[in-house]
Amino acid sequence: EDEDEDEGEVEEKEDEADEEEGKYEKFWKAFGKYIKMGLIEDAANRTRLAKLLRYATSKSGDKEISLEEYVANMKEEQKNIYYISGEDKESLLKSPSVEKLLAMDYEIIFMTDSVDEYTVQHLTEFEGKRLINASREGLKLEEGDKDKRREELYKDKFKPLTDYIKETLGKKVEKVMISKHLVSSPVVALSADYGWTAQMEKVMKSQAFSDQSKFEFMKSKRNFGINPRHPMIVELNSKIKDGSADEATKDSVLSLYLSAVVAAGYQLTPEDAVDFSTRVASIVSSSIGVAVDAPLEPEIEVQDDVVEEEEGEEEE
């Protein structure tokens, strides 16, 4: 009987907890944005307000969890809280920026509210754990001596390609480096530590009185990361090392860069948008066996008497 009573009490407590969670979920949906704004404005209560935040994550399913729950779920060797901001959870889950974190089974917070970018600028850590944006250059992962030596070997091996890419892209990128973010993708476009992320660019551009000169300065701070294990990157590096790089090599680098910028959620400049459109058209033409400069087909000829008959019918 005592056991039955204990089980009944446990079930009752679980039901109460679920009810409380349901109530808070409704409260969060109604007032979540105000709590985020309060965290920005109210420095004295920032820690208390941070405990009220709720986010969807790569492991939370349809639920949103607190930062306390995230920290409790962290893997033993994990030192930081990882997040990424963007339009929606589905697209962020496919971002090249999070490939390494997902492969390591680290939980990633998805920030999809426009105010989130401002919030995390004022919340740099929680319970002693730093908040790290996965779309920036430094993931701050724990590395052993072996990992560091391997990175140096990759840097040395792929220096011909990274130098070539920087020369080709010029001011489009701040830096070209071996990426720690990638697993399966060949390249990734990342925000520099002091530049705006793709999401922040969109937020700032949408503001009616945004400072255009500041926008142009901040948006240019992008880095381009390569995956040294990807066959495409290995082949490009070989071409440059053996001196067989040609116009097609340059085209490949530009195409990879533009695709990385789009995948990262950045908005293309008008010049890059035209270039990207031309490259896609060229790929489609090549795949169906049609020359890019193939002449247009002549217009379908229409008999004069047919035209006159149609005009007569319209007048009636």
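Residues numbered from 1 in each chain as written. Predicted model: local features only at pLDDT ≥ 70, side-chain atom pairs only at ≥ 80, totals over all residues. Heavy atoms only, no water.

A. Layout of the nonpolar core. With 33 residues, the main nonpolar core has Leu53, Ile81, Tyr82, Leu101, Ile109 and Leu131 as its most contacted residues. Counting residues per element, the ones that place at least two in this core are helix H1 (2-41), helix H2 (46-50), helix H3 (67-73), strand S2 (81-85), strand S3 (108-111) and strand S5 (129-133). Beyond its immediate stretch of four places on either side in the chain, Leu131 contacts Ile81, Tyr83, Met111, Val120, Leu123, Thr124, Glu125 and Phe126. Leu161, Ile233, Val261 and Tyr266 belong to the second-largest nonpolar core, a separate cluster that totals 24 residues. (Core = buried A, V, L, I, M, F, W, Y, C linked by side-chain atoms within 4.5 Å. Buried < 20%, exposed > 50% of the residue type's maximum accessible area, 1.4 Å probe, protein only. Helix = DSSP H or I, 4+ residues; strand = E, 2+ residues; numbered from the N terminus. Contact = heavy atoms within 4.5 Å.)

B. Broad picture of the environment of Tyr106. By the secondary structure assignment, Tyr106 is in the loop between helix H5 (99-103) and S3. Sequence-wise, Tyr106 and Asn73 are 33 residues apart; in three dimensions their C-alpha atoms are separated by 9.4 Å. Sequence-distant contacts of Tyr106, defined by excluding residues within four places in its chain, comprise Ser58, Lys59, Lys75, Glu77, Gln78, Tyr82, Leu101 and Leu141.

C. Quick peek at the pattern of salt bridges. All told, the structure shown has 16 salt bridges when counted by the stated rule. Between Lys180 and Glu151 there is a salt bridge, with its nearest N and O atoms 3.4 Å apart. Taken together, the positions of Lys180 in the loop between strand S6 (175-178) and strand S7 (187-191) and Glu151 in helix H7 (residues 145-157) put the pair 29 residues apart, joining distant regions of the chain. A relative accessible area of 32% places Lys180 in the partly exposed class. Judged by its relative accessible area of 18%, Glu151 falls in the buried class. (Salt bridge = Lys/Arg side-chain N within 4 Å of Asp/Glu carboxyl O.)

D. Up close: the sheet that holds S2. Taken together, five strands build an open sheet; the order of strands is S1-S3-S2-S5-S4 and the sheet is mixed. Of all the strands in the sheet, the pair left with one neighbour each is strand S1 (56-57) and strand S4 (125-126). Pairing geometry for S2 and S5, over three bridges, is parallel. Note that in S5 the partner of Ile81 across the bridge is Leu131. (Pairing = 2+ DSSP bridges.)

E. Looking closely at the packing of helix H12 (residues 247-263) against helix H13 (residues 270-287). Where H12 meets H13, the closest approach of the two axes is 10 Å, and the angle between their N-to-C directions is 115°. Regarding the angle of H12 to H13, the classification is roughly perpendicular. The two elements H12 and H13 cross, and the hand of that crossing is left-handed. Two secondary-structure elements touch here, H12 through Asp251, Leu254, Ser255, Tyr257, Leu258, Ser259 and Val262 and H13 through Asp272, Asp275, Phe276 and Arg279. Grouping the constituent residues of the contact of H12 with H13 by class yields five nonpolar, two polar and four charged. (Axes fitted to C-alpha atoms, helices over the stretch in contact; angles between N-to-C directions. Parallel < 35°, antiparallel > 145°, perpendicular 65-115°, else oblique. Left-handed = near helix turned anticlockwise from the far one by under 90°. Nonpolar A, V, L, I, M, F, W, Y, C, P; charged D, E, K, R; others polar.)

F. Highlighting a nonpolar patch on the surface. A surface patch of nonpolar side chains, amounting to about 330 Å² of accessible area, comprises Val280, Val284, Ile288 and Val290. As for its placement among the helices and strands, Ile288 is situated in the loop between H13 and helix H14 (304-315). You can call Ile288 exposed: its relative accessible area is 61%. (Patch = residues over 30% accessible without salt bridge, like charges linked within 9 Å, V, L, I, M, F, W, Y side chains within 5 Å. Areas by Shrake-Rupley, 256 points an atom, 1.4 Å probe, with all protein chains shown as cover.)

G. Summary view of the pairing of S5. Judged from the two bridges that link them, S4 and S5 form a sheet pairing that is antiparallel. By the bridge assignment, Phe126 is partnered in S5 with Lys129. What sits between S4 and S5 in their antiparallel hairpin is a turn of two residues, with Glu127 showing a positive phi close to 50°.

H. Spotlight on the packing of aromatic side chains. Enumeration over the complete set of coordinates arrives at six aromatic pairs. Both rings, one in Phe31 and one in Tyr34, keep their centres 6.4 Å apart while their planes meet at 50°; by these two values the pair is tilted. Within this pair, Phe31 and its partner Tyr34 are both found in helix H1, separated by three residues, close to a single helical turn. Phe31 gets classed as partly exposed once you look at its relative accessible area, which sits at 41%. Pairing Tyr154 with Phe158 gives two aromatic rings, centres 6.3 Å apart and planes at 50°, and the pair type is tilted. Judged by its relative accessible area of 24%, Tyr154 is partly exposed. Look at Phe158 and you get buried, because its relative accessible area is 1%. Through a chain of ring-to-ring contacts, the aromatic side chains of Tyr24, Phe27, Phe31 and Tyr34 assemble into a single cluster. The side chain of Arg222 reaches across the aromatic face of Tyr266, ending 4.2 Å from its centre. (Phe/Tyr/Trp six-rings, centres within 6.5 Å; stacked < 30°, edge-to-face > 60°. Lys NZ or Arg CZ within 6 Å of the ring centre and 35° of its normal.)

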